[in-house]
Structure formats: structure tokens, C-alpha cells
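What follows is each chain in one-letter form.
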Amino acid sequence: MNSYREPHATIPSEADQLVWLGRLIGASTTQAVAELVVELLRACPACRDARVLWLERGECRATSGKPDVRDTARMLAVLNDGHGAPPLADGELRMRLAPDVPAVLFVLHRDAAAGPSVRTVLERCLALAGQQLRQLLALAELHDSHHQLERSENLLRALFSIADLAGADLDMPELLRGIHSIVGTLMYAENFFIVRHDPEGGTTRFLYYADTEDAEGPDIVREDSLEAMRGSLTWHLLTLGRPLMGSTEQLAAQIGVPLNVIGPDSVDWLGVPMLREGRVHGALVVQSYRQGIGYSDEDRAVLGFVAEHVLTALERKQTKDELEDRVLQRTRELAAANRELQEEVLERQRAGRLQSVLFRLAELGTADLDEEAFYRCVHAEVGSLLDASNFYIALLDEEEQQLHFPYYMDAGVQSAFSLSLGQRSITVYVLRTGKPWLGSRHELDALAKEGKIVRRVIGVPPACWLGVPLRAGDTVIGVVAVQGYDDEVRFGAADQELLSFAALQIANSIHRRRAAAALLQANLQLEHRVEARTRELREQIAEREQMQRQLRHEVMHDPLTGLPNRGFLRERLGERLARRSSDKPCALLYLDVDRFKVINDSLGHLAGDAFLQAVANRLRACVRVPDVVARLSGDEFAILLDAVVEPAVAERMAHGVLLALRQPLSIGGRELEPSASVGIAIAAQHERADALLRDADIALYRAKQLGRGRYALFDETMERNAVDELALEVELRHALQHGEFVPYFQPIFRLDNGEVVGHEALLRWNHPRRGVLPPGDFVRVARDCGQLEAIDWQLYGKACERMAQPDAGDGFVTINVSPLHLRHAGFDRQLLQLLASSGLPPERLLIELTEDALLEDPVLVRATLERLRAAGVQAALDDFGTGYSSLGYLHSLPLSKLKIDQMFVRELDTAGGAGANTVVSAILTLAARALGIDVIAEGIETEAQRDALHAMGCEFGQGFLFGRPQPQPHGV
């Protein structure tokens, strides 16, 4: 250790040690404390020399000289020794200055044995020196932490500022200047530039460039190829994708190749790439031209961290600018669309005003107004369309010699006069040509020069004139005109079009008023004939009223028993339920005669009729007014009790009825003892007639289950057993999930040869416990809970897939489409997608619509059917003849087939079926012959019905006569 010196000649006295301690307390650096320790030891005679090594900020430091690697190893060996005994080697004492201080004291003694004594004498001073050194090291570490925290806070503020700049409403130059200013708060950045790189296109662009020495610099507007700057520092930075720092020589050594220096050479240069997912998207560069100002590893780390946020800020700004450009473009497009829409709205408003005016003009033709008021109202309506402050109507008289002006409004003055057709006015000119005329004062002068008109016939010549002929059919009956005397008043083609539309209604209104006047005169002449005829009509009306009463009685009563029928009962029941005044509810007894079929089959129909008449008489004897006995059907009767105090009253009545019926009865030489089953239902508040009939029927069914010849009172238990809708909803959802809804196919035949031409896909539920269920058992509940559409689509898909199979033949298949589907604008698209997935050609699919589907939204339905027909799917009108407006749709909708409702088919082979024959014949004449629409008759069950339909010219039919619905198409 070359730095050791000879010790002092004297031993430090107590006073010297106190002075030394005072100097130790005043020491403010670790170096000063270590030097005082060495000075204290050197003052001891036994010490030849001394040296202190310690760790500060991760580096080894010494009192004299720069410690080398060997010194550091010796110090660490002592610090890592855990025995606590000071090692002694080669006359050198090595010991820690204090137990928890990273400092080691190396002492050379003149006598090896004197080492421990020296340490003992100076132990207190060395301990105080260790404490002072520990405090100064902790203070230095605290200063380092504070400095690091300040740099972290500065960096965080800088990153926040960059994020704020990216979100601020700044243009790109302002954003880049702000980034430069922020980087300048972190390091020396007087010379700074930002370069962007497109790794896909291989292009670069200097977004920002600030340099105190380079006056020219790169073009920050132009985008260049990266290869154009090959060999430069920026090129190496972008291609290597890692930070570069140092002088030109140091940078060349880092890169390993000579550099192509562009611009002034810098003293220190620092560049970091901007990376995203491992790809270089640009770089930040700072450089210094001043000696003594450079960059550290910490600056490189800070700038690298800033580069990531700058890239994010630039991308956000670029994305925001692009978004603003797109928004601006979209705004322009929307503005253009809005202008078009506004023009369309104005056009529609104009059309709406015109339509409203035309409608009011049409109303004026039939309004109870005198002629003067009529013309004033016409003037007001025309004035709502255009400037009609000067307006008149001229009408040709019956002899066609005079032009009468019944209404002439000019300059606020109204008048009426006539003009000879010989005076060649502009009005007479329009009347003779029969064409509208629009022109200004100069054009009127031109007509006058040609001799076609006389310029001034009535009043002051106008500056602008517009007239339109009034036509009643092909005859011109007059002229309506507007005119302006001010040069600012101008009529155009739009005004001419509006006045032409109005003229049609004005002419029609005038014609109707004239016809009405003529009709009034004719009516006056016929009044005396009417009076004579009235007396005759009164007599005929009285006779017809008597006939109607008789007819109503026959319609509302059973012809066999004379009792009211089901229709009468429903009407009376509805009236009774509608009354709220009575505190006592009504009750309904539903009766079914037991074993009537056995009596009817055994004794014959005549005896059966006599039996029913006897039962009716006995029931009639059991009630009193206002109670009603009715025959509902074959052997079913009902008794309506107008008021019951309690259910027991109805039960007593049922018991009495059963006793009355059990009395022996002689029919056809046989003695019979009738019996019946009775169901009782008490009307609840706000109940409907059909609901009460249903409840009584449910109770009757329960009475029959209990053994007949008895009665049962309806209660909630029966209702739950009859229809458990909530459970049915759950089962419906389960059925949808497991595909339990299947199509049953009913064949459609040609009536002449029995050939199968198609099938109707009918809905069935393959219930896992109850077997195959018809739609009537679940459709209403499915519709109420919103599952009917999904069920239909499941049916459509299975029906199309089955009919697409080779063994199903090549006939068509029909599916029933409810109004629920047609409310959706995309129904046709979804149906065509289903056809494409199933493989069934669209030409083989026929959708059946009911009339209520057409009534909901005719425009939407027509558009949907047109699109389907264009794709090949045809449409048919189902249940034809049951509505009141079906005929109106046959010529306006794209229908290829219609189905005659089975109600008419059923009547074809019954007595009194002439009306059904007439209706069916009319339908065939209208649809098949006049419109070319195929007709299919539904519900054919007998040979007579088929023969009658075939004779009337019906080609196709379906029904139980030909085949019932089956799981497979006919013939499979």
C-alpha cells in the first residue's frame, strides 16, 4: 500500500482526542470522516499507516488513492466475515469501523502485538466515527432517493402532459412543439427531432425538426423512402431498433460500420426508437453541440420511456384526425342527404297541401252553400296554394255565346259580369285552345301583335297572367285564372301545375253543383209520385217487418222443439251478463240427454224427434219467466236462470230437472225412462258468454265422468284440470327445444283424375306423453305466450326438408303464414334462406294467407309477396268467401291460388244448399275464368261434394274424402 505514511511521534492525548471529536462532529462528508479516522490512527506511535475503504452508492471509495479490484475484494472479504474477530495478516489489522457500517479500517502496526491495544484505546473514538459515517451514508442515500423521486415526478408530469396534448384540440405542429417543450424539461433537448416510420411501406417522414446548427434540415412535409437515408444515424436507429448514444466515434463503434454524417457533427447524440409490438414506428433524437453537455444512461432510459408515450400520443392524434376527417366527410354526406330530404319533405308538404286542397274542393261540390259562398271558398282554397289575390272564374253559358264571370276578384274588389266570346280576350283564347297559358306582359303583347288576343279588354293589363281551362269530361266549360299587376309577382311551372290540379276539382265541383241543381228540379217533379208510392211502401214495410220477425224467430229457435237455439241463448246470455244493475248473478245449466243415440238408433229418427220434443216440454215446464230453456244441438239443452241468490238455488233447479226427466215416457210403443247429465256454472263478474258456456260444458263433462244421471257444479279445480295454461307454456318451450313440432301432409288432388299435385303442411305436436296433438289444443296458448312464430318456423323448416327429399315427388307444398310473420319486413328474406338451406326449389313452395293478414298492412304485404314471387314463391288466399273484402285483393295482389272455405263445400250436398252453389260458382267464375287464378276446394268429405265442384269447373280439392293428414307425403 504505497499510500501509507510514517506515524506521528506522539500518542494522542485526551485533549487531542476531544479536539478530534469536535472536528468529527463538524465533518459533513463521508470522505472527511474517513480522513479524520486515518489522521487519528496515524497519531498513534504503534501505527505505521492506516487506510479506510467504504461502500457508498454501490461504489468502493478510499481515503487515499483510487481503490482497485484487489482493494475492493479485501474490503468485501472483511464485510462478509460473520465471526466478528478482526483478521490480522502480514502485520496489517483489518476491521469494520462499526458493526452496521459498510466501512473497513486497514492498519499497519510497527509491532503486531500492539494492534489490539491500539484498538482498545481508540475504540470509543472509532465507534463515534462509525456512527457519524453511518449517518452521513444514510443522508447521502436519502439525497439520492429524493433526487430519483424528483426525476420520477418530472417524468410522470411529462407523460401526463404528453397524454393531455394528445387529447387536446391542437393541430399537429402545436402538438409536436408541446412534446419538444416537455422533453426539454427532462434533459437537454435544444436540438430535437421526431421521425415517423411506416414498416409496411418502408417510408419515413420527419414530423418535427429543431436544430440550432442545422439551418436547412429535412423537409417535414415530404415523405421519403427509408433507403434514401441509408448509412445515416437515423437510418441505423430505425433499422437496428435499439437506442444509440454517444459521440460520432462511439456511435460508429456501437454500430460497427462507418457513419454517413448528415449535417453538423454533434458532441453527443442520443436516439431511441418508438416501438409497437416489436416493430419500429419512428424515433426520438436529441443531440448536443456544446462541450460538457451530454447524455447519460439515465437520460437514455427516460427518453426511451417517453418515446413509447409519444408514439401513443401521435397515434391517438392521427386516429383523432382521421376520425375527424371521417366525421367531416360523413357530416357533409349527411348534410347533402338532409338537403335532399328537406327538398323531399317540401315536395311532400306541397303534395300534401295540394291533396288537402283538392279534398276540400271536392267537399265544396257537395256542400250546402249558395253560389256566392261556393266561389269565395274556392278562391280561399286556391289562395292557399299560390298568390291568388287577383282571381276569377269564367264559365261558358249553355248556348256557348257568352262567357259569364260569376266570381271576379281584382285589386280587392269583387264583381260579376258577362263577356261576349267575340271579344278576343286572353280568357277567350284559353277557352278556345283548351290549353293552359302562362306568360308575362311582354308575352301578352306578343300574342296581341299576332292578332290572337286584344291586349286590353277588362281593366288594367296584368304584368303576369296564368289561366287553366275548366273541363267536365272532354268538354271545356270555363277558365280559372290568376293575375298580378306588380312586376315582382311571377307565376311558374309549379304554379301552373298546382292550378291545373285545382282546376280539375273546381270543374268537377261546378259540374256536380249543376247536376245537383238539375237533380233537385227533377226531384221536385217526382215528389208527388213519391208521396203516392210512400203509402204503398209503408204497407210493404209492415209486411216485411212481420216477415223479418217471423224469420228471426225461425232463425233463433229450434224447428223441432220450438225452443230457442244456441244463437238465441248466447244473445240473451250476453245481454244478461252486460247488465250491472242486478246483484244476483245468473246461472247456466248445460244438459246432455243420456243414451239418446241408443234411443235414436233403436227406435228410429222419428221416435228420436218425438223423444226430444217430450224432453223439451218437460224442461219448459220446469222454468218460469224470465228463465230460458234452449236446445243447443242434437241432445244438448241449456237452462239460463236469470238470477240465483246462491249456488244452492241452481243445484235445486238441476235436481228438479233430473227428477222431472226421470218420469217414464212412452215413445213408439216403448216405455222409456229418460235421464240426463247436468253441468252448472255460476256467472262471475265481467264474464263472457262463451266463457260461461265453456265452464258449464266442463262441469257437464265432470258429471258424465261421475256416472251420468247427475249434476256437477263448476269450480276452479275443473278449470285447472281442463286447461293448465302455465304448464302448457312450459311444455311448449320444451317442445321447441326438442323439435317436437312436426308437419302432417294432407294431399291436394285433381278432381278429374285423382292425381296428387301437392300437399298442405299442417301443424302437429308429437307430445311425448299425450301423443299427437292437433293445433287447437295448443295454438291459442302458443300465440298468447309469443311462441307461435318460432313453432311455425320449426314447421316450415321440417316441411321443406321433407318435401325436398327425392321420394316426396315433385308437387308443391303449402304452408300457412299468419299475420304475425307478415308484420316483419324481413320475412321473405328469412323464408328464402330457409329454402336455400333445405334444398327445396322456391317454385315448389306456396304460402297461404288469410284475409286478416292482408288487412293489417296491405302495402307491406303486397311488397313482400312481390319479392317472393320474383324469387319463385307463390301465394294463395285461404278461407276465401268468409270475409267482406276478399274480392278487392284478387286483382291487386300477386296471388296464384285461392281456397274456397269448407263452409261452402259442406253445404253443397245438403238440403237448401243452393246459396252455397251460387257462391262457389261465382268464385270460380271470378277467380279461375276472369283472373286466371287456380281454385282449391277445402273440406271435401263426400262424393256428392266432389262431383258438384267438378261440375262447376273446380280443378283441385282436398279433404278427408281423398286423404287425412299423414306424417309422410302421399305415396311415400
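Predicted, not measured: the structure shown is a model, and the values here were computed from it.

What is the right way to look at the overall build of the chain in this model?
Looking only at helices and strands, the chain features 30 helices and 33 strands. In terms of C-alpha radius of gyration, the chain reaches 56 Å, well past the compact-globule figure of 30 Å for 972 residues. Dimensions of the chain, computed from the C-alpha atoms along their principal axes, are close to 165 × 110 × 65 Å. The 972 residues of the chain split such that 44% are buried. Of the contacts formed within the chain by residues at least 6 apart in sequence, a portion of 62% connects residues at least 24 apart. Counting only carbon and sulfur atoms, one obtains 52% of the accessible surface of the chain, whose full area is about 51000 Å².

Looking at this model, I keep getting lost on the nonpolar core. Mind explaining?
Generally speaking, a soluble globular protein has its nonpolar side chains buried in company with each other. Counting residues in each nonpolar core, the largest one holds 51 residues, and the members touching the most others are I847, L898 and L949. Excluding its chain neighbours within four sequence positions, the residues that come into contact with L949 are L751, V905, L908, V920, A937, I940 and C954.

How should I be thinking about the confidence of the model for the chain in this particular structure?
Low pLDDT marks regions whose predicted coordinates should not be analysed in detail. The predicted model of the chain averages 84 in pLDDT, with 92% of residues at 70 or higher. Confidence drops under a pLDDT of 50 for residues 1–10, and excluding neighbours within four residues, the segment shows 33 contacts in the predicted structure.

In this structure, what is going on with the sheet that holds strand β9 (residues 244–246)? I would like to understand it.
Strands pair in a sheet through their backbones, by hydrogen bonds, and they do so in one of two ways: parallel or antiparallel. The sheet built from six strands is open, its strands ordered β8-β7-β6-β11-β10-β9 with antiparallel pairing. Of all strands in the sheet, those with a lone pairing partner are β8 (224–225) and β9, marking the two edges. Pairing of strand β10 (residues 268–276) with strand β11 (residues 279–288), which is carried by eight bridges, proceeds in the antiparallel orientation. Each bridged residue has a counterpart across the sheet, and for D268 the counterpart in β11 is S288.

Would you explain the layout of surface pockets in this entry?
Of the volumes computed, that of the largest pocket is approximately 920 Å³. Along the wall of the largest pocket there are 34 residues; nearest its centre are E760, L762, P775, N816 and D878. Among the elements of the structure, β26 (756–767), α21 (779–784), α22 (788–803), β28 (812–817), α23 (819–822), β29 (845–849) and β30 (874–880) are those that each provide at least two residues to the lining of the largest pocket. Among the elements that take part in the lining of the largest pocket, β26 stands out by supplying five residues, more than any other. For the lining of the largest pocket, the per-class residue count stands at 14 nonpolar, eight polar and 12 charged. What the second largest pocket holds in volume is close to 610 Å³. The wall of the second largest pocket is formed by 33 residues, among which F206, M229, S232, T234 and I262 lie closest to the centre. Breaking the lining of the second largest pocket down by element, the ones donating at least two residues are β7 (203–210), β8, α7 (233–240) and α8 (248–255). Counting residues per element, the lining of the second largest pocket draws most heavily on β7, which supplies three residues.

Can you help me understand unusual backbone geometry in this one?
Leave glycine aside and you will find that most residues have negative phi; peptide bonds, for their part, are mostly trans. The omega torsion across V625 and P626 is 10°, close enough to zero to call that bond cis. Mapped onto the secondary structure, P626 falls in the loop between α16 (605–622) and β19 (628–633).

Sorry if this is basic, but what is going on with the packing of aromatic side chains here?
Any aromatic ring pair is given by two values, namely how distant the centres are and how the planes are angled relative to each other. For the structure on display, the rule yields 20 aromatic pairs. Ring centres of F741 and W765 lie 5.5 Å apart, and the angle between their planes is 35°; this geometry places the pair in the tilted category. Note that F741 is positioned in strand β25 (residues 741–750) and W765 in strand β26, a separation of 24 residues in sequence. Comparing F741 with W765 shows no difference in burial state: the two are buried. Centre to centre, the rings of F741 and F778 are 5.7 Å apart; their planes meet at 50°, and the pair counts as tilted. One end of the pair, F741, is in strand β25; the other, F778, is in the loop between β27 (771–773) and α21, and 37 residues separate them in sequence. Side by side, F741 and F778 carry an identical accessibility label, which is buried. Connected via pairs of aromatic rings, a cluster forms that spans F374, Y375, F391 and Y407. Across from the ring centre of F812, 5.1 Å away, lies the NZ or CZ of K897, which sits over that ring.

Quick question: what am I supposed to make of the sheet that holds strand β17 (residues 475–484) here?
As summarised here, the arrangement of the six strands in space is β14-β13-β12-β17-β16-β15, forming an open sheet in which the pairing is antiparallel. Edge positions in the open sheet fall to β14 (413–420) and β15 (437–440), since each of these has one partner strand only. Across the sheet, the axes of successive neighbouring strands diverge by a mean angle of 15°, strand direction being ignored. Here strand β12 (residues 391–396) runs beside β17; their pairing, made up of five bridges, is antiparallel. Among the inter-strand pairings, Y392 is bridged to a residue of β17, identified as A481. Here helix α10 (residues 371–383) sits on the sheet in contact with β12, β13 (402–410) and β14, set at roughly 60° to β13. Of the strands in this sheet, β12, β13, β14, β15, β16 (464–472) and β17 are in contact with helix α11 (residues 426–433), which crosses β16 at around 40°.

Before we go on, may I ask you to explain empty space enclosed by the protein in this structure?
Empty space among the atoms becomes visible once a probe the size of a water molecule is rolled across them. Per the stated rule, a full pass over the model turns up two cavities of 30 Å³ or more. Taken as a whole, the second largest cavity encloses approximately 40 Å³ of empty space. Lining the second largest cavity are I847, L865, L868, R869, V873, Q874, A875 and P894. Within the residue set of the lining of the second largest cavity, elements represented by two or more residues are α26 (858–871) and β30. The element best represented in the lining of the second largest cavity is α26, accounting for three residues. Residue composition of the lining of the second largest cavity, grouped by class: six nonpolar, one polar and one charged.

Explain the pattern of salt bridges here, please?
Pairing between side chains of opposite charge can happen when the charged atoms of each approach one another. Scanning all chains against the criterion turns up 37 salt bridges. With a closest N to O distance of 2.5 Å, E571 and R552 form a salt bridge. Pair noted here: E571 is in helix α14 (residues 566–578) and R552 is in helix α13 (residues 493–555), with a separation of 19 residues, a long-range link. Judged by relative accessible area, which is 43%, R552 ranks as partly exposed. R576 serves as the salt-bridge partner of D642, at 3.4 Å between the closest nitrogen and oxygen. With a gap of 66 residues between them, D642 in the loop between β20 (636–641) and α17 (647–661) and R576 in helix α14 connect regions that are remote in the sequence.

Where do I start with the packing of helix α15 (residues 596–603) against α16 in this structure?
Geometry of a packed helix pair, given as the angle between the helix axes and the separation of the axes. Relative to each other, α15 and α16 sit at 140°, their axes nearing to 6 Å. Our classification of the angle between α15 and α16 gives oblique. For the pair formed by α15 and α16, the contact residues are F596, I599, N600 and L603 on the first element and H605, A607, G608, F611 and L612 on the second. Partitioning the contact of α15 with α16 into residue classes produces six nonpolar, three polar and no charged.

In this structure, what is going on with the pairing of β16? I would like to understand it.
Within a regular strand, side chains alternate between the sheet's two faces. Judged by how many residues are buried, β16 sits mostly within the fold: eight of nine residues are covered. Here β15 runs beside β16; their pairing, made up of four bridges, is antiparallel. When the sheet's bridge partners are listed, W437 is paired in β16 with G467. Summarising the sheet, β16 and β17 pair through nine bridges and their orientation is antiparallel. The residue bridging G467 from the neighbouring strand is A481, located in β17.

Mind showing me how you'd approach the environment of K704 here?
Locating K704 in the fold gives a position in helix α18 (residues 689–705). Its relative accessible area of 27% is what places K704 among the partly exposed residues. Measuring from C-alpha to C-alpha, the distance between K704 and S677 comes to 6.2 Å, with 27 residues separating the pair along the chain. Those residues in contact with K704 that sit more than four places away from it in its chain are D592 and S677. Here D592 takes part through its side chain, which lies 2.8 Å from a polar atom of the side chain of K704.

What counts and how
Residues numbered from 1 in each chain as written. Predicted model: local features only at pLDDT ≥ 70, side-chain atom pairs only at ≥ 80, totals over all residues. Heavy atoms only, no water. Helix = DSSP H or I, 4+ residues; strand = E, 2+ residues; numbered from the N terminus. Rg over C-alpha atoms; globule rule 2.2 N^0.38 Å. Buried < 20%, exposed > 50% of the residue type's maximum accessible area, 1.4 Å probe, protein only. Contact = heavy atoms within 4.5 Å. Areas by Shrake-Rupley, 256 points an atom, 1.4 Å probe, with all protein chains shown as cover. Core = buried A, V, L, I, M, F, W, Y, C linked by side-chain atoms within 4.5 Å. pLDDT = per-residue confidence, 0-100. Pairing = 2+ DSSP bridges. 1 Å grid on protein atoms, 1.4 Å probe; cavity = no way out; pocket = protein on both sides within 12 Å on 5 of 7 lines; lining within 4 Å. Points joined across faces, edges and corners; volume = space filled by probe spheres on them. Nonpolar A, V, L, I, M, F, W, Y, C, P; charged D, E, K, R; others polar. Phe/Tyr/Trp six-rings, centres within 6.5 Å; stacked < 30°, edge-to-face > 60°. Lys NZ or Arg CZ within 6 Å of the ring centre and 35° of its normal. Axes fitted to C-alpha atoms, helices over the stretch in contact; angles between N-to-C directions. Salt bridge = Lys/Arg side-chain N within 4 Å of Asp/Glu carboxyl O. Parallel < 35°, antiparallel > 145°, perpendicular 65-115°, else oblique. Polar contact = N/O pair within 3.5 Å; in protein donor to acceptor, adjacent residues only side chain to side chain.

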